[in-house]
There are 2 protein chains.
Amino acid sequence: MPREITAFSNPLIKRVRNLRDKRHRREEGLFLAEGLRILTEASEAGRIPDYLFFARDMANHPLVRALVEATEAAGGEAIETNADILSKLSGKDNPGAVVGVYPEFALGLADLDPGTAPIWLVAERLRDPGNLGTILRTGDAVGAGGLILLDECVDPFSVEAVRASMGALFTVPVAKASWAEFVPWLRNGPGQLVGLSLDTEYDYKAGEYQAPTFLLTGNEAQGMPDFMAQECDLLVKIPMLGKADSLNAAVATAVMAYEVLSRIRDA
Amino acid sequence: MPREITAFSNPLIKRVRNLRDKRHRREEGLFLAEGLRILTEASEAGRIPDYLFFARDMANHPLVRALVEATEAAGGEAIETNADILSKLSGKDNPGAVVGVYPEFALGLADLDPGTAPIWLVAERLRDPGNLGTILRTGDAVGAGGLILLDECVDPFSVEAVRASMGALFTVPVAKASWAEFVPWLRNGPGQLVGLSLDTEYDYKAGEYQAPTFLLTGNEAQGMPDFMAQECDLLVKIPMLGKADSLNAAVATAVMAYEVLSRIRDA
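What counts and how
Residues numbered from 1 in each chain as written. Chains lettered and ligands numbered in written order. Predicted model: local features only at pLDDT ≥ 70, side-chain atom pairs only at ≥ 80, totals over all residues. Heavy atoms only, no water. UniProt positions renumbered as here; feature names shortened; annotations may be inferred. Helix = DSSP H or I, 4+ residues; strand = E, 2+ residues; numbered from the N terminus. Rg over C-alpha atoms; globule rule 2.2 N^0.38 Å. Buried < 20%, exposed > 50% of the residue type's maximum accessible area, 1.4 Å probe, protein only. Contact = heavy atoms within 4.5 Å. Areas by Shrake-Rupley, 256 points an atom, 1.4 Å probe, with all protein chains shown as cover. Lys, Arg positive; Asp, Glu negative; His and termini not counted. Charge placed at Lys NZ, Arg CZ, Asp CG, Glu CD. Domains from an automatic or database assignment. Buried area = accessible area lost by both parts, 1.4 Å probe. Salt bridge = Lys/Arg side-chain N within 4 Å of Asp/Glu carboxyl O. Pairing = 2+ DSSP bridges. Least-squares fit on C-alpha atoms with pLDDT ≥ 70 in both. Axes fitted to C-alpha atoms, helices over the stretch in contact; angles between N-to-C directions. Parallel < 35°, antiparallel > 145°, perpendicular 65-115°, else oblique. Left-handed = near helix turned anticlockwise from the far one by under 90°. Polar contact = N/O pair within 3.5 Å; in protein donor to acceptor, adjacent residues only side chain to side chain. Right-handed = clockwise from strand over helix to strand, strands pointing away. Phe/Tyr/Trp six-rings, centres within 6.5 Å; stacked < 30°, edge-to-face > 60°. Lys NZ or Arg CZ within 6 Å of the ring centre and 35° of its normal.

Looking at an unreviewed UniProt entry, one finds chain A named RNA methyltransferase, with Sphingomonas agrestis as its source organism. According to its UniProt record, chain A has this under Sequence similarities (unreviewed entry): "Belongs to the class IV-like SAM-binding methyltransferase superfamily. RNA methyltransferase TrmH family."

*Asks:* Go over the overall build of chain A, please, and point to the residues and values.
*Replies:* Across its full length, chain A holds 10 helices and 11 strands. Computed over the C-alpha atoms, the radius of gyration of chain A is 20 Å, within 12% of the 18 Å expected from 2.2 N^0.38 for a compact globule of 267 residues. Taken over the C-alpha atoms alone, chain A extends approximately 60 × 35 × 30 Å along its principal axes. Here chain A, with 267 residues, has 55% of them falling under the buried criterion. Partitioning the intrachain contacts of chain A with sequence separation of at least 6 by distance along the chain shows that 79% fall at a separation of at least 24. If you sum the accessible surface of chain A, you get close to 11,300 Å²; carbon and sulfur atoms cover 47% of it. Side-chain charges in chain A split into 26 positive and 37 negative, and the spacing between the mean points of these groups amounts to 5 Å.

*Asks:* Please provide a residue-by-residue account of the domain arrangement of chain A, values included.
*Replies:* All names here are of chain A. Splitting chain A by domain gives domain 1 (3–103) and domain 2 (109–266). If you average the C-alpha positions of domain 1 and of domain 2, the two centres end up 31 Å apart. Taken together, the 17 residues of domain 1 in the interface contact 12 residues of domain 2. Of the roughly 1,300 Å² buried at the junction of domain 1 and domain 2 (both faces included), carbon and sulfur atoms supply 63%. Linking domain 1 with domain 2 are three salt bridges.

*Asks:* Could you give me a rundown of the pairing of strand β10 (residues 213–217) of chain A, with the residues and numbers involved?
*Replies:* Residues and elements named next belong to chain A. Extensive coverage of β10 is indicated by the burial of five of its five residues. Residue alternation in β10 divides its side chains into two sets, T213, L215 and T217 and F214 and L216, and both sets are buried. One ladder, built from five bridges, connects strand β6 (residues 119–124) with β10; its direction is parallel. Bridging across to β10, I119 finds its partner in T213. Sheet analysis places strand β9 (residues 192–196) next to β10, joined by four bridges and oriented parallel. The residue of β10 that forms the bridge with G195 is L216.

*Asks:* How would you sum up the relation of the copies chain B and chain A? Please name residues and give values.
*Replies:* Note on the copies: chain B fits chain A at an RMSD of 0.0 Å, the axial shift is 0.0 Å, and the rotation between them is 180°. Expressed as a symmetry operation, the mapping of one chain copy onto the other fits a two-fold axis. Both copies present the same face, since 100% of the interface residues in chain B are matched by interface residues at the equivalent positions in chain A.

*Asks:* Tell me about the packing of helix α3 (residues 36–44) of chain A against helix α4 (residues 62–73) of chain A, and name the residues and values.
*Replies:* Geometrically, a packed helix pair is captured by the angle between its two axes and the distance between the axes. Residue and element names in this part refer to chain A. Look at α3 against α4: their axes get within 10 Å of each other, and the N-to-C directions meet at 45°. With respect to each other, α3 and α4 are oriented oblique. Crossing geometry of α3 relative to α4 is assigned as left-handed. Listed contacts from α4 to L36, L39, T40 and S43 of α3 are L63, V64, L67 and A70.

*Asks:* Could you give me a rundown of the environment of A:Y209, with the residues and numbers involved?
*Replies:* Residue and element names in this part refer to chain A. Tracing the backbone shows Y209 in the loop between β9 and β10. A sequence separation of 16 residues divides Y209 from L193, and the C-alpha atoms of the two residues are 9.7 Å apart. Y209 has contacts with Q192, V194, Y204, L234, V236, M256, E259, V260, R263 and I264, leaving out every residue within four places of it along the chain. In terms of polar contacts, Y209 uses its side chain to reach the backbone carbonyl oxygen of Y204, at 2.6 Å.

*Asks:* So, the sheet that holds strand β6 (residues 119–124) of chain B: which residues are in play, and what are the values?
*Replies:* All names here are of chain B. Sheet architecture is open: six strands sit in the order β8-β7-β6-β10-β9-β11, paired in parallel fashion. Strand pairing shows two members of the sheet lacking a second neighbour, β8 (174–177) and β11 (234–236), which therefore form its edges. Within the sheet, the average angular offset between the axes of one strand and its neighbour, ignoring direction, is 25°. Pairing analysis gives three bridges linking strand β9 (residues 192–196) to β11, with the strands arranged parallel. Across the sheet, V194 pairs through a bridge with L234, a residue of β11. Packing of helix α10 (residues 249–266) onto the sheet brings it into contact with β6, β9, β10 (213–217) and β11, and relative to β10 it is tilted by some 165°.

*Asks:* So what's going on with the pairing of β8(B)? Residues and values would help.
*Replies:* Residue and element names in this part refer to chain B. Across four bridges, strand β7 (residues 147–150) lies against β8 in parallel orientation. Across the sheet, I148 pairs through a bridge with A175, a residue of β8. Regarding the hand of the β-α-β motif, the stretch spanning β7, helix α7 (residues 159–165) and β8 is right-handed.

*Asks:* Any chance you could break down the packing of aromatic side chains for me, citing the residues and the numbers?
*Replies:* All names here are of chain A. Taken as a whole, this structure holds 28 aromatic pairs over all chains when the rule is applied. Relative to F105, the ring of F31 lies with its centre 6.0 Å away and its plane at 70°, an arrangement referred to as edge-to-face. With F31 in strand β2 (residues 30–34) and F105 in the loop between β5 (98–103) and β6, this residue pair connects regions lying 74 residues apart in the sequence. With respect to burial, F31 and F105 carry one shared label: buried. Through a chain of ring-to-ring contacts, three or more aromatic side chains come together here, namely W120, W179, F182, W185, F214 and F227. Positioned above the aromatic ring of F105 is the side chain of R47, whose terminal nitrogen or guanidinium carbon lies 3.6 Å from the ring centre.

*Asks:* Account for the sheet that holds strand β4 (residues 77–81) of chain A, with residues named and values stated.
*Replies:* Residue and element names in this part refer to chain A. Read from one edge to the other, the open sheet built from five strands follows the order β1-β4-β3-β5-β2, with strand pairing classed as mixed. Both edges of this open sheet fall to β1 (3–4) and β2, since each of them pairs with a single strand only. Note: strand β3 (residues 51–55) against β4, five bridges, orientation parallel. Bridged to F54 within β4 is E80. Packing against the sheet, α3 makes contact with β2, β3 and β5, and its axis sits at approximately 35° to β5.

Right, dumping it as structure tokens:
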């Protein structure tokens, strides 16, 4: 039976609110996700929250009831609350019906099997949480085996990244690794490393892509460093016809990923 | 000779700071842009600020000097200030060297000539300023004739949209129109209307695209309404291989735009 919390001063509310800060996420090993659709997708992927907050006036919605049951069955706690508290937890003026608190999860490279997917996304020093979430969402759409975050990337468990992923954080494996770990792992298995670069004349449409292709996207402002570009089996460029010299990192990743997907499927 | 402002209480600082709100932008007809690269791109596109704020310790940077000269030559005012004020104006902890205050500009459909570009971007009820800016940035990259904003879209002059556009707001024409204005304008000229839809089985790779193609992207959450879909000459779908049923709107627009561009160039 869910307990009810409606006081802002409740210690659990304060604790959950603090998960919007990276430091508290690290200390607690927990993160926030919000919205009926995203939490339902998480549940279908086997991710059940430790705490589920739901709006009292949505308590009878079938998806809310399913989430409450799944949470309690897994030993978590379902907590009835109101829109003001949900707004405080989610940081949105118009909060969804549910907010979930999940244990963080992160895979290592050893958990990934390159042969299981035709395409993998790799990002290095990604800085923008919205870009990270959007790349995860694209990864889901192209059937990527996972997203590998190299060196110091933004936190995939930040509220902004989770929100932009639209649930893909729960369905696309995310692994963190250093470049020094990544290269031997990559070279010990099948697959080509394809880098998006501004310093090549090689058009992305002219590339030959074989499964599995590892698609490497560099830092938003600087692109990838030379030593990474030199390790790539192929460097390709997306044509830029205007004044700007680059695309948004999540956009460039998606344009490339769909081209690779299409070419591998046609092969 | 630039005057110097270093007091937060200065009325001009307050007035400029207020331009972060849509209501004040409407009242003043002015908007904010920041960063040396974006302001320089604006200047090259013939857009000179009414007010240019620059960091004192960057005063001798050649691009800053060029902006100061261009501003004063055009009858605007260049104002020397410090990082704290620039941070307050831009809303960023690490502000760039310059913030510019520009007069808003907006084209109508009558200012656009469909025959001058192979591809045009059209968005209806776009809600996210980051998406709008990113679509403009993509529009620049694919050589789009412009971005047409249908019905109630988010403000292209918001700080977030300008920032995400990375300067493309100054190089890609933006027009606002109602659907009722758009259709007769479109049908009075050359060009096909291609809609991105989840309700078709027609793969975007199978489409035949002729210049000029008008690429219509629907609202982030709802897609486009039926009456718009029915007006499209072609509805196409980007394949979704995962759990999610849609891509980010700016990502979907870019994947489509590059496909159209490639097909038109190969034709």
